[in-house]
Amino acid sequence: MFVIGEDVAKLGGVFGTTVGMADEFGAARVIDTPISETGFIGIATGAAMAGMRPIVEIAFVDFIGVCFNQIYNFAAKTHYMSGGQFKVPLTFMIGYGGGYNDAAQHSQTLFATLAHVPGIRVVTPADAYDAKGLMHTCLRDDNVTVWMVHKRLWGLGWLGFPLPKALATVPEHDYTIPFGQSRIWREGTDVTIVGLGLTVHNALTAADQLAAEGISAEVLDLRSVVPLDRDGVFKSVAKTGRLVVADEDYLSFGVTSEVLAVIAERDPSVLKAPAVRVAYPDVPVPFSRPMEEFCLPNVERIVAAARTTMTRGKR
Amino acid sequence: MGKGPLPGEMHQSFGQEPCAVGVCAHLGKDDAVGAGHRPHHVAVAHGVDLNKMVAELFGKKTGLSGGRGGHMHLYDANVNFFSSGIIAEGMGPGAGMALARKMQGKPGIAVAFVGDGAANQGAFHEVLNMVGLWKLPFICVIEDNKYGVSVSKKDSTAIDRNSDRASSYALAGEYVGGNDPDLIFAAAGRAVERARRGEGGTILELETERLHGHFIGDSGAYRPEAERKAMKDPIPTYRQRLLAENAATPADVAALEAKVQTQVDEAMRFGRESAYPDASDALQRLYA
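Residues numbered from 1 in each chain as written. Chains lettered and ligands numbered in written order. Predicted model: local features only at pLDDT ≥ 70, side-chain atom pairs only at ≥ 80, totals over all residues. Heavy atoms only, no water.

### Concerning the pairing of strand β9 (residues 202-207) of chain B
Residues and elements named next belong to chain B. Taken across its 6 residues, β9 has 5 buried, putting it largely inside the fold. Relative to β9, strand β5 (residues 138-144) is paired through 6 bridges, and the arrangement is parallel. Paired with Ile139 across the strands is Thr202, a residue of β9. With 5 bridges joining them, strand β8 (residues 172-176) and β9 adopt parallel strand pairing. Bridged to Val176 within β9 is Leu206. Traced from β8 through helix α7 (residues 181-196) to β9, the parallel crossover comes out right-handed. (Buried < 20%, exposed > 50% of the residue type's maximum accessible area, 1.4 Å probe, protein only. Helix = DSSP H or I, 4+ residues; strand = E, 2+ residues; numbered from the N terminus. Pairing = 2+ DSSP bridges. Right-handed = clockwise from strand over helix to strand, strands pointing away.)

Quick look at the structure:
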């Protein structure tokens, strides 16, 4: 096993993800690369095919635009195209998300871009416990896995951390969290708010506000984009009868659309009111503070969406 | 090809055989080989299972990948072989296999075959920089057939010799003209020894000929007629030389050619007669 990427050794990762690892494991296994994403992702893929288990850091998900060919035309397809002869146990560790005015090329979320490619598993934890459990699951998997963490959940004060509910007791012992298993953070009876990553925290705050208005919201954290816990989503919505989906990725053709498709395909009659999506509008991330805040799937937009589902449908 | 037994397009290797043979003669099963969208001669030379390869070309269940790959995506894990249909895409995975061997202390080197067009791709340069930086046991073989589909090398490439690019990456660079199996064999031997001794990588640029079009159905009419007429098929040329230099008797040559023809006939029969996969197998093998 080795870690490879830009600034992972001497700096310990742009967001501090690999601090101390080079000292502990040595420069041969924690490898600083040139700024050559296509090159080092290709190299990591070949090493994985030859029996290694590389972890590739891409600090900003935006940078997959530079190297996407190696991910989606080669790494993701090699197991299938080889008829199962070559495994690619490769884990990407990727930061995403905005809210700190880093503008259009350093703030995207892009779950859907990665999730759209067959052969890649995509997960995103909302707290420290899930972060370790999902990472351990990725590292044990024999496929291409993408472990994505919202930058505001990575524990850095200058990005607005800590979010109180993102802190959790993390056991020293080894544990895993299966792919495709959502987590109910808060039970409710009137409306299901589906989120993932940072939007789980926004949904929890929204649920507090809604409770004060007498609306009981259930907060479901997908944790895993691929595979998606379709059963878990349907079960919760069948119980509450109302659905809000909150995601920081672009609105169209994304996680929010897929969650709505679950209900539409299984049984739309469980809905007492039309579902509402709270996602990033289909524009690049603007720089200016008021413009970016306007676009984010923040607490206010989630609360408003939940109210809408309560007023538009039959009660 | 539309309705014939071979589905899809087909990039043929006619004329480029000396590159594959001259390099792969130095390699064993521990050595990894990656090829591009025109992979067949390299696959055969590296010892990929011929029957399974042909069955894969026909899209049959008995193919290398059970029909999921096709002619541009040939994989044989038994001899550490892979190919990719995207230009220069095999550079990174090839170098990664070299890195894995180095990290694991295992024997073997890695070789990626690309065309001259690949030298203008970003992956080519990014990977060779890291090969030089980390002294990986890796050889980039450039089969210079002078064309990227219809665009000639002189219309696409700012320098005459892509092996000159080795100096940018602290690699050895060697050019071999003439599509000559013996000269290629000798130069490849030097590159392979350098890699095996841990002295680093090489760009091995081999002049060759694309005797046919880019794929079956491409007449190559965009090439000057004089240039097309001047191309020589290296196989009869080499046969003639072996006989002229008394390196082989006509009987030796005839026996060898008959043996190879039998293997090819058997592979074609195996491929044609094998069954197609169940259509729903399309949904299997996505994940390990």
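That was the structure; now back to the text.
### Some details on the sheet that holds strand β8 (residues 191-195) of chain A
Residue and element names in this part refer to chain A. Within the open sheet, the 5 strands sit side by side as β7-β9-β8-β11-β12. Their pairing is mixed. Each having just a single partner strand, β7 (183-186) and β12 (276-280) make up the two edges of the open sheet. Between one strand axis and the next, the sheet turns by 25 degrees as a mean value, whatever way the strands run. Pairing analysis gives 3 bridges linking β7 to strand β9 (residues 217-221), with the strands arranged antiparallel. Bridged to Arg183 within β9 is Asp221. Strands in contact with helix α7 (residues 230-240) are β8, β9 and β11 (243-250); relative to β9, the strand with the most contacts, it is inclined by about 175 degrees. (Axes fitted to C-alpha atoms, helices over the stretch in contact; angles between N-to-C directions. Contact = heavy atoms within 4.5 Å.)

### Concerning the sheet that holds strand β2 (residues 30-32) of chain A
Residue and element names in this part refer to chain A. Read across the sheet, 7 strands follow the order β2-β1-β3-β4-β6-β5-β10 without closing on themselves; strand pairing throughout is mixed. Strands with a single pairing partner mark the edges of an open sheet, and in this sheet they are β2 and β10 (224-226). On average, each strand axis in the sheet is inclined to that of its neighbour by 20 degrees, with strand direction left out of account.

### Here's the deal with the interface of chain A and chain B
Many analyses report the size of an interface as the accessible area lost when the parts associate. Tallying the contact residues gives 42 residues for chain A and 37 residues for chain B. Taking both partners together, chain A and chain B bury about 3200 Å²; carbon and sulfur atoms supply 68% of that area. Taken as a group, Ile43(A), Tyr80(A) and Met81(A) account for 22% of the area that chain A buries against chain B, more than any other trio of residues on that side. The interface formed by chain A and chain B contains 0 salt bridges. Counting every contact that joins chain A to chain B gives 15 residue pairs in polar contact (both at pLDDT 80 or more). Taken together, the elements giving at least two residues each to the side of chain A that touches chain B come down to β1 (2-5), β2, α2 (37-49), α3 (64-81) and β5 (120-123) of chain A. With 9 residues, the top contributor of residues to the side of chain A that touches chain B is α2(A). Broken down by class, the residue content of the side of chain A that touches chain B amounts to 18 nonpolar, 18 polar and 6 charged. (Buried area = accessible area lost by both parts, 1.4 Å probe. Salt bridge = Lys/Arg side-chain N within 4 Å of Asp/Glu carboxyl O. Polar contact = N/O pair within 3.5 Å; in protein donor to acceptor, adjacent residues only side chain to side chain. Nonpolar A, V, L, I, M, F, W, Y, C, P; charged D, E, K, R; others polar.)

### Digging into the nonpolar core
Counting 116 residues, the largest nonpolar core has Phe92(A), Trp147(A), Met91(B) and Phe138(B) as its most contacted members. The leading source of residues in this core is α3(A), at 8 residues. Shared between two domains, this core takes at least three residues from each, and those domains are domain 1 (2-166) and domain 2 (183-312) of chain A. For Trp147(A), the contacting residues outside a window of four places in its chain are Phe92(A), Met93(A), Ile94(A), Val123(A), Pro125(A), Ala131(A), Leu134(A), Met135(A), Cys138(A) and Trp154(A). Counting residues in hydrophobic clusters, the runner-up holds 31 residues, among them Val33(B), Leu74(B), Val192(B) and Leu206(B). (Core = buried A, V, L, I, M, F, W, Y, C linked by side-chain atoms within 4.5 Å. Domains from an automatic or database assignment.)

### Description of the domain arrangement of chain A
Residue and element names in this part refer to chain A. When its domains are assigned, chain A resolves into domain 1 (2-166) and domain 2 (183-312). Distance from the C-alpha centre of domain 1 to the C-alpha centre of domain 2: 26 Å. In this assembly, 31 residues from domain 1 lie in contact with 30 residues from domain 2. Per-residue buried area on domain 1 facing domain 2 is highest for Asn101, Phe111 and Lys165; these three make up 24% of the total on that side. Where domain 1 packs against domain 2, one counts 4 salt bridges. Arg183 serves as the salt-bridge partner of Asp127, at 3.1 Å between the closest nitrogen and oxygen. The interface formed by domain 1 and domain 2 contains 19 residue pairs in polar contact (both at pLDDT 80 or more). Looking at the side of domain 1 that touches domain 2, the elements that each hand over two or more residues are α4 (111-115), β5 and α5 (128-140). Looking at the side of domain 1 that touches domain 2 element by element, the count peaks at 4 residues for β5. Residue composition of the side of domain 1 that touches domain 2, grouped by class: 17 nonpolar, 9 polar and 5 charged.

### Examining the packing of α2(A) against helix α4 (residues 91-104) of chain B
Running from N to C, α2(A) and α4(B) cross one another at 55 degrees; their axes reach a closest spacing of 6 Å. It follows from the interaxial angle that α2(A) and α4(B) lie oblique. Of the two elements, α2(A) crosses α4(B), and the hand of that crossing is right-handed. In contact with Gly39(A), Gly42(A), Ile43(A), Gly46(A), Ala47(A) and Met49(A) of α2(A), α4(B) contributes Gly92(B), Pro93(B), Ala95(B), Gly96(B), Met97(B), Leu99(B) and Ala100(B). (Parallel < 35°, antiparallel > 145°, perpendicular 65-115°, else oblique. Left-handed = near helix turned anticlockwise from the far one by under 90°.)

### Brief notes about the packing of aromatic side chains
All names here are of chain A. Evaluated as defined, the whole model comprises 12 aromatic pairs over all chains. Here the aromatic rings of Tyr100 and Trp158 are separated by 5.9 Å at their centres, their planes lie at 80 degrees, and the arrangement is edge-to-face. Placement of Tyr100 in the loop between β4 (91-96) and α4 and of Trp158 in the loop between β6 (144-150) and β7 is noted, with a sequence separation of 58 residues between them. Connected via pairs of aromatic rings, a cluster forms that spans Phe15, Phe60, Phe63, Trp147 and Trp154. Seen from the ring of Tyr72, Lys77 lies directly overhead, with NZ or CZ sitting 5.3 Å from the centre. The lysine or arginine in question, Arg183, covers the ring of Trp185, its NZ or CZ lying 3.8 Å from the ring centre. (Phe/Tyr/Trp six-rings, centres within 6.5 Å; stacked < 30°, edge-to-face > 60°. Lys NZ or Arg CZ within 6 Å of the ring centre and 35° of its normal.)

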